[in-house]
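Now for the letters of each chain:
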Amino acid sequence: MLGFAAVMLRWIRKLLRSGEHAALDARLQAAYALHQAGELEAARSAYIEILRSQPHHAPTLHLLGEASYAVGDLRQSEAAYRTLLLVDPDNVEAFVNLGSALHALGELEEATAAWTQAIARDPGCAAALTNLAVVSLACARLDEAERWLRAAREADPELAEVRIREGELLVERCRPLEAAQAYREAVRLEPGSTRAHIGLGWALETAGDVDAALQCYEAAVALQPESIDARVSRASLWLSREDFARGWDEFEWRKRAPGNASVHERFSVPEWDGSPLAGRRILCYAEQGLGDQIMYASCLPQIIEAAAHCVVDCDRRLAPLLSRAFPAATIHGGTQSDPGDWIREHQLDLKVSLASLPRHLRRSSAAFPRHAGYLPADPGKVARWRQRLAELGAGRKIGLSWRGGVQRTGRAWRSIPLDELLAVLKIEGVEFVSLQYGDEDAEIARLQEQHGVRIHCFREALEDYDETAALICALDLTLSVCTAVIHLAGALGRPVWIMAPVKADARYGLSGDSMPWYPSARLFRQAHFGDWPGVVERVRDALRSFKGNGV
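Residue positions within a chain follow its written sequence, with the count starting from 1. Side-chain atom pairs in this predicted model are given and counted only at pLDDT of 80 or more, local residue features only at pLDDT of at least 70, and totals for whole chains, interfaces and linings cover all residues. Water and hydrogen atoms play no part in the side-chain values, which are based on all heavy atoms of the structure.

## Things to note about the pairing of strand β9 (residues 496–500)
Each residue gets one of three labels from its accessible area relative to the maximum for its type: buried under 20%, exposed over 50%, partly exposed in between, using a 1.4 Å probe on protein chains only. Labels follow the DSSP assignment, with helices taken as runs of H or I lasting at least four residues and strands as runs of E lasting at least two, numbered in each case from the N terminus. Here β9 lies mainly inside the structure; five of its five residues are buried. Alternating positions in β9 separate into two faces, V496, I498 and A500 on one and W497 and M499 on the other, with burial throughout. Bridge count between strand β8 (residues 477–481) and β9: four bridges; the pairing is parallel. Paired with S480 across the two strands is I498, which belongs to β9. Seen with its strands pointing away from the viewer, a crossover is right-handed if its path from the first strand over the helix to the second goes clockwise. A crossover connection joins β8 to the parallel β9 through helix α28 (residues 484–492); in handedness this β-α-β unit is right-handed. Note on pairing: DSSP must find at least two bridges between two strands before they are called paired. Relative to strand β10 (residues 521–525), β9 runs parallel, the two being bridged by five bridges. When the sheet's bridge partners are listed, V496 is paired in β10 with A521.

Put into C-alpha cells, the structure is as follows:
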C-alpha cells in the first residue's frame, strides 16, 4: 500500500529542507532523529509528549501517524491523521495515510472514502489513485483497477509502485509476459525495490521461465536478506526443482510472516529439532490449508512410530479420516480455546507444524515413500456411493474439478472453463461427477442447456469431507486442476489425473508426469503458458483408452 514511507516522509523532508523547520522546536528535531534511526517506540513517545503541549501541531501529528503505523498501532495512527484533518481539512497526504491505516484495519469502505477525498483535492494524487487500484484488485474488479492505474501513471510516470501494481493486474489477467515488462519498469525506476524484483520473479515463473525467476529472487534476497516474501519465493522454487534440503530449510521463513507468529506460539513447549523422539510426546499442529494438511499428513506414520505419543491438531473436516488412519494418535479436529489444556492433558514435550515435518523427513527424493494410500475412507460409505453411481448406468465414473484456488493464489490460470473441456466431457461411455467445491450449479446447468452435456452433482458429498473421500473411492478416476481434491485422491491411493498449468505449485515439480507425494497421480502439464487446449487433447486421448478401476 502506497502511503506512509512514500508520501508522509517525503512531505516532512520537504518541510525540513524548506527552512520551515526553524519553527519546529528542538524536541521535534530530536524525536525525528530517533524516528530516522529506527527507534520508533522512543520516537512515538516523544511525539506524544510534544502533542500534550501542542495538540494540533501538524508535523508532529504526521510523524506520530507514521510511527504508530510502523509499529502496528493502527488505531493510534488513524487517530493522529483524523486529528490532523480537523486542523487541516485539505491535507492530501493526511487523507492518503489515513486511508492506508484504515485499509490495514480491514475497513475498506472508509479507506476508499479517505482516498477519494484525497483525489477530490488533488486529482493527480498518484498515491491515492494507486491505492484505490489495490482495493479494486483485491475485490477482483480488474477493469476498475486498470482505470485507476492508468490515471496514476499519467499523474506520476516515474512512480515504481504504479508499475508494481500493473504487474499484479496483468498476472491476474493471465498476461505474465506483459506483467514482467511492468515489473522491469518498476526495477528501472527503483532498482532497490525488493517487491519489484519479487514481482518480476513471480511473473517470469508464472510464464514458465524458472531460471530467470530464480535470479530475481536471488536479487531480492541480496537487497533485503530479511525479506520473508523473497525467501519463501526462493524456497518454493527450490522445492519445485526437488532441491529439498535447501528448500525445506528456507521454507521455515514463512513462520516470520505477519500474523503467523501467533499460530506457532500458541503452544508453550519447545519446537522439535529433528532429534530422536523416543520417550517423548509431540504435538503436530495445523498451519496451512486443507490440501496442505492432507499432504503433510503423509509424514505422520514416521512420527507416530517414533514418539511415545503423537497428538494431531487438524482441520475438523479431516478429523474422521485421520482418526481412522492413525488410531494410535490423538486427533483433535479444530484448535482448542485454551492450548494450555492440551499441554497438561497430553503431557506434551514438543511441538512441530505439519508443514515443518518434511524438513526433517523428506530431505531428498529417495525419502518419499511409495505408498498405496495412507488415508482410508469409510467402507460402508464407499459401498453406498458405489451403489448410487451404479444407478447412473454403465460406463466409467469420473470425478471432475475444474476450478482451483482463489484470486491471489492463481485461480485465473489454474482453472479451466467447462466449455473448454467439451472434448473430454463428450467422450462416450463416461459419466462425470462434480467434485467442485462452491456454488457451480449455474455453470453446470448452462453446460447442459447449451451443449447437452450432463455433470452429476451430489451436494451432500461435497459438504462432508468424509463423504467426499468415500465418493472418490467409489469413482474410477478423479480428473482435476490443481486443488485440494488432488491431495485427497492421492492420499486415498486412488487414481488421479492432474491438469496442471506451466507454473504449478512446488509440490507438482517442474516436469514429468508424476509427483513424489502421490504415486497414484498422473500429470498433464501445459507445454507453455495458457496451453489448456494441448492439455485437454492429451487427457481426451488418455481417457479413450482408460478402462476404469485404475487401468
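After presenting the structure, the write-up continues.
## Some points on the packing of helix α5 (residues 74–87) against helix α6 (residues 92–104)
At a closest axis distance of 9 Å, the pairing of α5 and α6 adopts a crossing angle of 155°. Relative to α6, the element α5 lies roughly antiparallel. Of the two elements, α5 crosses α6, and the hand of that crossing is left-handed. The segment α5 lies against α6, with L74, S77, E78, Y81, R82, L84 and L85 engaging A94, F95, N97, L98, A101, L102 and A104. Throughout this entry, Asp, Glu, Lys and Arg are counted as charged residues, while Ala, Val, Leu, Ile, Met, Phe, Trp, Tyr, Cys and Pro are counted as nonpolar. The remaining residues, Gly among them, count as polar. In the contact of α5 with α6, the residues fall into 10 nonpolar, two polar and two charged. Here, axes are lines fitted to C-alpha atoms. For helices the fit covers the stretch in contact, and angles between N-to-C directions go from 0 to 180 degrees. We call two directions roughly parallel when the angle between them is under 35 degrees, roughly antiparallel when it is over 145, roughly perpendicular when it lies between 65 and 115, and oblique otherwise. The sense of a crossing depends on the near helix, which, turned anticlockwise from the far helix by less than a right angle, makes the crossing left-handed and, turned clockwise, makes it right-handed. Contacts between residues were defined by any pair of non-hydrogen atoms, one from each residue, lying within 4.5 Å.

## Observations concerning the side chain of T60
Topologically, T60 is positioned in helix α4 (residues 58–70). Setting aside its immediate chain neighbours within four residues, T60 contacts L28, Y47, I50 and L51.

## Some thoughts on helix α22 (residues 379–390)
Working rule for helices: expected span equals 1.5 Å times residues minus one. With 12 residues, α22 extends 17 Å from end C-alpha to end C-alpha; this agrees with the ideal 16 Å at 1.5 Å per step. Turning to α22, its buried residues number three or more, namely K381, V382, W385 and L389. Seen end-on, α22 carries its buried residues on one side only, within an arc spanning 100°. The term polar contact refers here to a pair of N or O atoms within 3.5 Å; inside protein, the definition further demands a hydrogen-donor-capable atom paired with an acceptor-capable atom, and it admits residues adjacent in sequence only when both atoms are side-chain atoms. Its side-chain oxygen at 2.9 Å from the backbone nitrogen of G380, D378 defines the N-terminal cap of α22. Throughout, the arc means the angular range of directions from the helix axis out to the C-beta atoms.

## Observations concerning the pattern of salt bridges
Just to be clear on terms, a salt bridge is a Lys or Arg side-chain nitrogen sitting within 4 Å of an Asp or Glu carboxyl oxygen. As enumerated under the stated definition, the model contains 48 salt bridges in all. For R75, the salt bridge is made with E107, and the minimal N-O distance between the two is 2.6 Å. On the criterion of sequence distance, the pair formed by R75 in helix α5 and E107 in the loop between α6 and α7 (108–121) is long-range, its members being 32 residues apart. With relative accessibility at 46%, the residue R75 sits in the partly exposed group. Here the salt bridges do not stand alone but share partners, grouping D249, E252, R254, K255, E271, E287, R359 and R363 into one network.

## What about the environment of E66?
Topologically, E66 is positioned in helix α4. Separated by 31 residues in the primary sequence, E66 and H35 have C-alpha atoms spaced 9.5 Å apart.

## Examining the nonpolar core
In terms of nonpolar packing, the biggest core is built from 78 residues, with L300, L375 and I498 touching the most fellow members. If one sorts the elements of this core by residue count, helix α27 (residues 465–474) sits on top with seven residues. Aside from chain neighbours lying at most four places away, what touches L300 is C284, C310, V312, F326, L354 and L357. Note on terminology: a nonpolar core comprises buried Ala, Val, Leu, Ile, Met, Phe, Trp, Tyr and Cys residues joined through side-chain atoms within 4.5 Å. Counting 42 residues, the second largest nonpolar core, distinct from the first, contains Y32, Y81, A114 and L129.

## Considering the pairing of strand β1 (residues 281–285)
Of all five residues making up β1, four are buried, and the element is well covered by its neighbours. In terms of strand pairing, β1 meets strand β2 (residues 309–314) through five bridges, oriented parallel. By the bridge assignment for β2, R281 is matched with H309.

## Comments concerning the sheet that holds strand β7 (residues 455–456)
Pairing within the open sheet is parallel, and its six strands lie in the order β7-β6-β5-β8-β9-β10. The sheet is open, and its two edges are formed by β7 and β10, each paired on a single side. In the sheet, strand β5 (residues 396–401) pairs with β8 via four bridges, with the strands oriented parallel. Bridge assignment links I398 to a residue of β8, and that residue is L477. Relative to β9, helix α29 (residues 532–544) is tilted by about 160°, and along the sheet it contacts β5, β6 (430–434), β8, β9 and β10.

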